[in-house]
Amino acid sequence: MSKRVLDGALFESMVKAGAANLYAFREAVNDLNVFPIPDGDTGDNMYLTIDSGASAPSDGPSGLGEASSRMAKGMLLGARGNSGVILSRIFAGIAAGFEGAASADLPAVADAFQNGSKEAYGAVSVPVEGTILTVFRDAVTFAGGRVGDGSDLGTYFEDLTAEMRRSLERTPDLLDVLREAGVVDSGGAGLVYIAEGMKNAIDGVEFTYAGKQSTGKAAKPIDIDTFKEDTELQFGYCTEVLIRLQNKKTDIASFDINDFKAKLEAIGESVVAFVDGSIVKVHIHTMTPGQILDFCQQYGEFLTLKIENMMLQHNETTIENKTEFKRKKVHKKIGVIAVASGDGIKETFRSLGVDEIIDGGQSMNPSSGDIIAAAEKIDADYILVYPNNGNIIMAANQAAALYDKAALEVIPTHTIGEGYASLSMLDLSGADIDKIVADAESYAEGILTGMVSKAARSTEMNGVNIIEGDYIGFEGDTVYSDSPDKCEAAIELGQKLGAGDYDVILILAGADATEEEADNVKTLYEENFGDSEVIMMKGGQPLHDFIIIIE
Amino acid sequence: MYTLFTDSDTDLTLKEAREIGYKLISMPYSYNGKTIFPYEDYEEFDSKTYYDMLRAGTLPTTSAIGKEKYISYFEPEFAAGRDILYVHFSREMSATFNNMDEAVAELKEKYPERKFYGLDTKGITAQSLCIVYEVGDMYKAGKSIEEILEWAKTEVYNFSLYFFSEDLKFFHRSGRVSGLAAAMGTLIGVRPIITMNAEGKMVAIGKARGRKKAIETLLQYIEEKGDHIEDHRILIPNTGAPELAAEVEALVRERFGRDLNIVKVTTNPTAGAHCGPDGLGICFHSVKRD
C-alpha cells in the first residue's frame, strides 16, 4: 500500500532501520576512510551517532515532531567524528522541519529533508564538496524536484537513495584525495546505507534493530607505538566537546554560534559546531586542545569531552569486506615498481607514486620472481620497473621478458639516486608511453650517487689508502675518500665529485648515522657548496651511512 | 560617483591603496589562537617576521569574513550615494564570496538605487594585483565603471602568473591547487610549477629540479606566452624571498629589456599561508590564459 503520510511511529522505525543497515555495513564504510585525515572510523562514528538517536528513550507513542526532535537530541548527545556530527545536524534540520507536527504529507517531508541539508551546511565552517554534505544535498534536491501527484514516500525514497548512490559515485570527481585513493567518500557511503535502511522500513522489509550494538571499537586497541619520541605531530587531536552554556558566563539568548565558530577556526581545522538550546557541540582538529577547552569554558561547562591523537593507529589491519564500496584496486594505465631499502627511502618512493616496493638493494638482490610477484599486485597496462642497483637490472629485464599480464618497462637505474631523480620528475599523466619511458630514462641521466660506508678490509684504490673500519666515500666503483670520521669521508667525497657545480644535493642519512652526524654533514656541505641547495633527509638505509645524490 | 574596493588578498598594500584611492577589504589569517586582519591590525606587513615564522613550522589558517563585515565595508558608501566597484580575488578560491553576495543582496533592498559591481580578477596575489593596478590607472584617468568592466572582459585573461613553491605541505593542507597529486607529496629539491587558469583556479603544470631550473622555467614562460610585456608592469611576487626576487628581476631585465617596469611584490600573509615561504613567481601581460 502506498504511504503518503509520515507519522512519528514510522519515522522512528525508519531511523532504527537506517541504524541497523549501517551497522551491517559499517566495516565497509570504515574501509573508505581517507578524508580529511584519519580521525577514527567513519562507519563506527556514524553508527554510534545515529544509534544514540534511534535508541533515545521514548515514553510511548508520539507525534512526528516530538519523535524526530527526541531522536535528533539523542544524536546531538552521541555525535562523534566529522561525518557523525554532520549527520546529527541533518536530523536536527529534519526535526526542525517537523516541529509541532503530528504527521507530515510528502511535500512537507521533502521540505524537512531539504532543511536538513541546509542545517548541515550551516554547521560546517568551510563546507567541502564531495562529502556527505554534497551527497545529501544532491539527493534531497533531486528527490524533492520529482515529488508530484503520483508520488508517495516509497517513490520519494527510491529517488532519494538512487541519487545518493549517483552522487556518491561522483565524489571522487570533486575531491582529489578520493580520486587518488580510488574510493568514494566514506561519510557519503554511510549516508547511503542509512537511507537505504530507512527505505526498507517504508517498503515493509523486515529488519532487526538490536540497539546499542558494540562496534567492537573497545576491543580494537590503539597502537601507541605509532607515535614515538621523535614523531612530529602532523594531524593534531580530534577534539569533541559538548558544552552546556551557563547563565553566569554568557547571555545564552544572544549567544552567536557563527562568531563562536569563527574564533574556533583560529585554533583548529575541520570545525563543525552548532548550538541547540543551551547545548553547544564542537568538533575540531587542533594541535592545541588545551586552547579549545579554555576557550569553550569561557561560555559554559562541559557535558562530555573526547580528545584523541589522530596519529595513533589501530594495530589491527581492517578486515577486507566484500561489499561494493570497498577500497577498490583502480585499474591504472601505468604502474610503478621500485627496489629500495630503508624506511625513509621507501616512504619517499611511495609518496612519489610507486605502487609496489621490493625490499632489497646492495646486500639483497631480488629475483625475477620477486619482481613478477610485485607486478601481479598491480592492475595496469604498463609497469615501470626501477631496479635502482646495477646488479638488479638483469633480473628486472628477465622479469620483463617473462611477464605477460602487463608490459614491463625497465628503467635501468643503477643507484637509488638515479631512481629518485627519475621518479621525482616523472609525469605519469601523459598518453604516450614511449615518451614517458624515454623521459624516465633521461631524468636518471647526469646524476651522481656518492656513498659513504664502512670499509670491510684494508687496501689501496684510486690512490686512496683504505683502512679496515674506516669510512670510505665512493661513486660507482671509484673510491674517493677514506677517514675514520664518516662526516669527513662524506665532505671529501663531495669535494672530489665537484658537488658545488650542481643545483641540488640530496643527502640520505642511513640507519647507522646519528642525527648529530647528519646535521654535521649538512652544515659542512652548506659551508662548502654554498651555491647548491643541500637537503638532508632520513633514508634509514642499511650499509650506507650516507647516500649523496647530486643532481 | 563610485568607490573602488579591493582586498588584501590581491597584494595591494595599504599605502598603495591610499595613493590610488582603493578601499581595502581585509582578509584574515590565524595562528596560535589569534586572528589577524591585515592592514586593520597593523599599518605595514612585516613580511620577514611572518615568513620566518612559517619557516619555523607555524601553519596559519585562513578564514572567510562574514556578511556583517562586508556590510560594514559597503554600507557607508551606499549611504553616501556612491556605487561600488570591487576588484576582488578569484571566487574559486574562497567561500567568502557567498557571504559577500548575501551582504550585497541585503544592502540592495535597503538602497535599491545603488549599484554594486564585482570584478573577478580570476586570480590571487600578483595575478590579481596587475589587474588591480591597471584598474587603478583607469580610475585615476577618470574612466567610468562601464569602461573598466568592458576592458576587463578581455584583459583579465591577458595577464599570466607562473610561480613555484618551495614546500608543498602548505598547498597540500589547503587543497587549493589541482593536479598536485598525492604522488607529488615529497618533492625534495623538485619544485612544482603552478599557474592560474582562466577559471581562476591554481593548476600545477610541471616540475623543475632545483631552484635555478625552476627560475629558468618561469623565464621560458615569458618567452613563450609574453605579449607586449613592455607596455605593462611585470610583477615578481615572492613569499618572503626578497633577495631571490632581486636576482630574478636582474635576470628578466637582462633577457627581456633593461627598461621594463618591474615591481617586486611581497605576497600577502593570507595567500602566503597557502603557498608557504620562499616561493617566487612572475606575472606579465600575455596571450590569453588557458
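Residues numbered from 1 in each chain as written. Chains lettered and ligands numbered in written order. Predicted model: local features only at pLDDT ≥ 70, side-chain atom pairs only at ≥ 80, totals over all residues. Heavy atoms only, no water.

Each helix and strand in chain A was counted, giving 18 helices and 20 strands. With 551 residues in all, chain A has 54% of them scored as buried. In chain A, of all internal contacts separated by at least 6 residues, the share reaching a separation of at least 24 is 72%. If you sum the accessible surface of chain A, you get close to 23,700 Å²; carbon and sulfur atoms cover 49% of it. (Helix = DSSP H or I, 4+ residues; strand = E, 2+ residues; numbered from the N terminus. Buried < 20%, exposed > 50% of the residue type's maximum accessible area, 1.4 Å probe, protein only. Contact = heavy atoms within 4.5 Å. Areas by Shrake-Rupley, 256 points an atom, 1.4 Å probe, with all protein chains shown as cover.)

Our focus in this paragraph is the overall build of chain B. Scanning chain B for helices and strands turns up ten helices and 14 strands. Within chain B, the fraction of its 290 residues that count as buried is 59%. Taking the intrachain contacts of chain B between residues at least 6 apart in sequence as the baseline, contacts between residues at least 24 apart amount to 76%.

With a phi close to 65 degrees, Tyr39 of chain B is a non-glycine residue in the positive phi region. Judged by relative accessible area, Tyr39 of chain B falls into the buried class, the value being 16%.

Often, the extent of an interface is quoted as the loss of accessible area upon association of its parts. Opposite the 28 residues of chain A that make contact, chain B presents 33 residues. Linking chain A with chain B are four salt bridges. Arg209 of chain B is the partner of Glu551 of chain A in a salt bridge, and the nearest nitrogen-oxygen pair spans 2.5 Å. Our enumeration of links across chain A and chain B arrives at eight residue pairs in polar contact (both at pLDDT 80 or more). (Salt bridge = Lys/Arg side-chain N within 4 Å of Asp/Glu carboxyl O. Polar contact = N/O pair within 3.5 Å; in protein donor to acceptor, adjacent residues only side chain to side chain.)

Moving on to the environment of Tyr237 of chain A. Residue and element names in this part refer to chain A. Assignment of secondary structure puts Tyr237 in strand β4 (residues 237-245). By relative accessible area, which is 23% here, Tyr237 ends up partly exposed. For the pair Tyr237 and Leu312, spaced 75 residues apart in the sequence, the C-alpha separation amounts to 9.9 Å. Not counting residues up to four positions away in its chain, the partners in contact with Tyr237 are Ile284, His285, Thr286, Met287, Pro289, Ile307, Glu308, Asn309 and Met310.

Note on strand geometry: in a regular strand, side chains alternate between the two faces of the sheet. Sheet topology places strand β1 (residues 2-7) of chain B next to strand β2 (residues 22-25) of chain B; four bridges connect them, and they run parallel. Each bridged residue has a counterpart across the sheet, and for Phe5 of chain B the counterpart in β2 of chain B is Lys23 of chain B. (Pairing = 2+ DSSP bridges.)

The next thing to look at is the packing of helix α13 (residues 368-376) of chain A against helix α14 (residues 393-402) of chain A. Residues and elements named next belong to chain A. Direction vectors running N to C along α13 and α14 enclose 55 degrees, while the axes themselves pass 8 Å from each other. By the angle class used here, α13 and α14 are oblique. You can see that α13 and α14 cross each other, and the crossing is right-handed. When α13 is examined against α14, the residues Ser368, Ile371 and Ile372 are found in contact with a partner set consisting of Ala395, Ala396, Gln398, Ala399 and Leu402. (Axes fitted to C-alpha atoms, helices over the stretch in contact; angles between N-to-C directions. Parallel < 35°, antiparallel > 145°, perpendicular 65-115°, else oblique. Left-handed = near helix turned anticlockwise from the far one by under 90°.)

On to the nonpolar core. In terms of nonpolar packing, the biggest core is built from 71 residues, with Phe74, Tyr86 and Val135 of chain B touching the most fellow members. At eight residues, the largest contribution of residues to this core is made by helix α5 (residues 126-140) of chain B. In this structure, this core is formed jointly by two domains, domain 1 (2-156) and domain 2 (157-285) of chain B, each of which donates at least three residues. In this structure, Ala17, Tyr23, Val85 and Ala139 of chain A belong to the second largest nonpolar core, which totals 68 residues. (Core = buried A, V, L, I, M, F, W, Y, C linked by side-chain atoms within 4.5 Å. Domains from an automatic or database assignment.)

Residues and elements named next belong to chain A. Taken together, the four strands give an open sheet; going across it, the order is β10-β9-β11-β12, and neighbouring strands pair in parallel fashion. The open sheet terminates on both sides in strands that have one partner only, identified here as β10 (356-359) and β12 (407-410). Geometrically, the sheet is characterised by an average inter-axis angle of 20 degrees between neighbouring strands, direction not taken into account. Relative to the sheet, α13 contacts β9 (332-340), β10, β11 (380-386) and β12, its axis offset from that of β10 by approximately 155 degrees.

Turning to the confidence of the model for chain A, a few remarks are in order. Considering every residue of chain A, the mean pLDDT works out to 87; 93% of them sit at 70 or more. Under a pLDDT of 50 for its full length, residues 314-324 of chain A has, in the predicted model, 22 contacts with residues more than four places off or in other chains. (pLDDT = per-residue confidence, 0-100.)

On to helix α9 (residues 242-256) of chain B, then. Residues and elements named next belong to chain B. The first and last C-alpha atoms of α9 sit 21 Å apart over 15 residues, in line with the 21 Å expected at 1.5 Å per residue. Of all the residues in α9, the buried ones are Leu244, Ala245, Val248, Glu249, Val252 and Arg253. Buried positions along α9 lie against β8 (159-164), α8 (211-225), β12 (234-238), β13 (262-266) and β14 (280-285). Backbone geometry just downstream of α9 places Gly257 in the positive-phi region, at approximately 135 degrees. (Expected span 1.5 Å × (residues − 1).)

It is worth spelling out helix α11 (residues 289-297) of chain A at this point. Residue and element names in this part refer to chain A. Listed in full, the buried residues belonging to α11 are Pro289, Ile292, Leu293, Phe295 and Cys296. When α11 is viewed along its axis, its buried side chains cluster within an angular range of 165 degrees and face the same direction. On its buried side, α11 packs onto β4, α10 (257-265), β6 (279-286) and β7 (300-309). (Arc of directions from axis to C-beta.)

Attention shifts here to the pairing of strand β5 (residues 269-276) of chain A. Note that β5 of chain A and β6 of chain A share six bridges and pair antiparallel. When the sheet's bridge partners are listed, Phe274 of chain A is paired in β6 of chain A with Lys281 of chain A.

This part covers the pattern of salt bridges. All chains considered together, the criterion is met by 52 salt bridges over all chains. A single network of salt bridges, built from pairs that share partners, joins Glu129, Arg137, Asp138, Glu163, Arg166 and Arg170 of chain A.

Take the packing of aromatic side chains next. All chains considered together, the criterion is met by 30 aromatic pairs over all chains. Centroid distance Phe113 of chain A to Tyr156 of chain A: 6.0 Å. Interplanar angle 85 degrees. Geometry classified as edge-to-face. Taken as a pair, Phe113 of chain A in helix α5 (residues 106-123) and Tyr156 of chain A in helix α7 (residues 153-174) lie far apart in primary sequence, 43 residues in all. Like Tyr156 of chain A, Phe113 of chain A is buried. Measuring from centroid to centroid gives 5.0 Å for Tyr50 of chain B and Tyr51 of chain B, while their planes differ by 80 degrees, and the two rings are edge-to-face. Here Tyr50 of chain B falls in the buried class, since its relative accessible area comes to 5%. Ring pairs connect the aromatic residues Tyr29, Tyr31, Tyr39, Tyr42, Phe45, Tyr50 and Tyr51 of chain B, which therefore count as one cluster. (Phe/Tyr/Trp six-rings, centres within 6.5 Å; stacked < 30°, edge-to-face > 60°.)

All names here are of chain B. The strand order β2-β1-β6-β7 describes an open sheet built from four strands, whose pairing is parallel. With partners counted over all chains shown, the strands left at the sheet margins are β2 and β7 (116-120), one partner each. Between one strand axis and the next, the sheet turns by 25 degrees as a mean value, whatever way the strands run. Direction of pairing for β1 relative to strand β6 (residues 83-88): parallel, over a ladder of five bridges. Bridging from a neighbouring strand, Phe5 pairs with Tyr86 of β6.

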